Amino acid sequence: MKTRHPLALGLALSTALAAALAPMPGLAAGASDSDTERQARWTEIATSIFGDRKIEPTDTLIKVDAPARAMDAALVPITLTMPEKDKIKGVHFIIDDNPSPYAAHFTFGPAADPGELKLRVRINNYTNVHAVAETAEGKLFEAQKFVKASGGCSAPMGMSDEEAMRGMGDMKMKFSGDAQSGKPVEATLMIRHPNFSGMQMNQVTRDYTPARYINKVTVSYGDANVFTMDGDISISSNPVINFAFVPKGNGPIKVAATDNQGGQWQHSFTAPSPSN
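Throughout what follows, the structure given in this document is the object of discussion. Being a predicted model, the structure only gives us computed values, none of them experimental. (Residues numbered from 1 in each chain as written. Predicted model: local features only at pLDDT ≥ 70, side-chain atom pairs only at ≥ 80, totals over all residues. Heavy atoms only, no water.)

**So, the overall build of the chain**
For step 1, the next point in the chain: Along the chain, the regular secondary structure elements total three helices and 15 strands.
For step 2, the next point in the chain: Of all 276 residues assigned to the chain, the portion counted as buried reaches 50%.
For step 3, the next point in the chain: Looking at the chain alone, contacts between residues at least 24 apart form 70% of all its contacts between residues at least 6 apart.
For step 4, the next point in the chain: For the chain, the exposed surface amounts to about 12,800 Å²; the carbon and sulfur share of it is 50%. (Helix = DSSP H or I, 4+ residues; strand = E, 2+ residues; numbered from the N terminus. Buried < 20%, exposed > 50% of the residue type's maximum accessible area, 1.4 Å probe, protein only. Contact = heavy atoms within 4.5 Å. Areas by Shrake-Rupley, 256 points an atom, 1.4 Å probe, with all protein chains shown as cover.)

In structure tokens form, the structure reads like this:
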């Protein structure tokens, strides 16, 4: 069986919250779940995404750094480290007990340095999170971390929907350190977008705000792809992604983003020129 399309578990979210909050019938999510229940849930999710492909545990190909207890369930920092980065062609990030578990799928291009990725996610319940690395040979390896958090997917933004959408699609890029030819440069991409989950209540109208979230981000350096991210409602509002690329020449960094309601945005940033 082939791997399903990225984010095959993404829900068609609407105001029908009862359906959104019960993604896997028969497997209750929560702090009281046993290890057996959590493993059964992961097995079901993994089969839905990867079919019958074997997923092996690893402590070398990919590692997950996440807080044991989230300070803010709507802004949980995640760091994915890949020590043997030259073997990795993509990473799947899954939050087992979220209404839509398949949070993100990163596919790396020839301009990427996939040693480390950082992003911020929503976590709705006490849950295991899984990072599944896919090698160039097509093998799958996973690492997991247990995170205590609650209510991240339904947490209000603390402002009106109109304020949250103001400037939607604006982007900023920051670079760290000097660029040297052939050596990776760290970059931070910030995108203005509310990433409404479909589970957040408008504090004025008391209606649920329809889901509107970034579903694809493509980053390139010159003519070479750095990465493509397929995303879902589990990515936090105003997404921030830390990544690295290998500078060759003087090509700009180009970013293209789309959301599930047809929004499209493109920005170009001047990348630091490598020194010899």
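So much for the structure itself; the text now carries on.
**Things to note about helix H2 (residues 35-50)**
For step 1, the next point in the chain: A rise of 1.5 Å per residue sets the reference length of H2, with its 16 residues, at 22 Å; its end C-alpha atoms lie 22 Å apart and thus fit the reference within 8%.
For step 2, the next point in the chain: Listed as buried for H2 are Arg-38, Arg-41, Trp-42, Ile-45, Ala-46, Ser-48, Ile-49 and Phe-50. Mapping the buried residues of H2 onto a view down its axis gives an arc of 160°, with all of them on the same face.
For step 3, the next point in the chain: In this structure, the buried residues of H2 make contact with strand S1 (55-57), strand S4 (88-95), strand S5 (102-108), strand S7 (127-135) and strand S8 (140-147).
For step 4, the next point in the chain: Among the residues trailing H2, Gly-51 stands out with phi positive, at a value near 65°. (Expected span 1.5 Å × (residues − 1). Arc of directions from axis to C-beta.)

**A short note on the pairing of strand S12 (residues 224-231)**
For step 1, the next point in the chain: For S12, a buried count of six out of eight residues is recorded, marking the element as mostly surrounded by other parts of the structure.
For step 2, the next point in the chain: Sheet topology note: the S5/S12 ladder contains five bridges and is antiparallel. Pairing of Thr-107 across the sheet is with Thr-228, part of S12.
For step 3, the next point in the chain: Here strand S11 (residues 214-221) pairs with S12 via six bridges, running antiparallel. For Tyr-221, the partnering residue across the bridge sits in S12 and is Ala-224. (Pairing = 2+ DSSP bridges.)

Shape is all these values report; function is a separate question.
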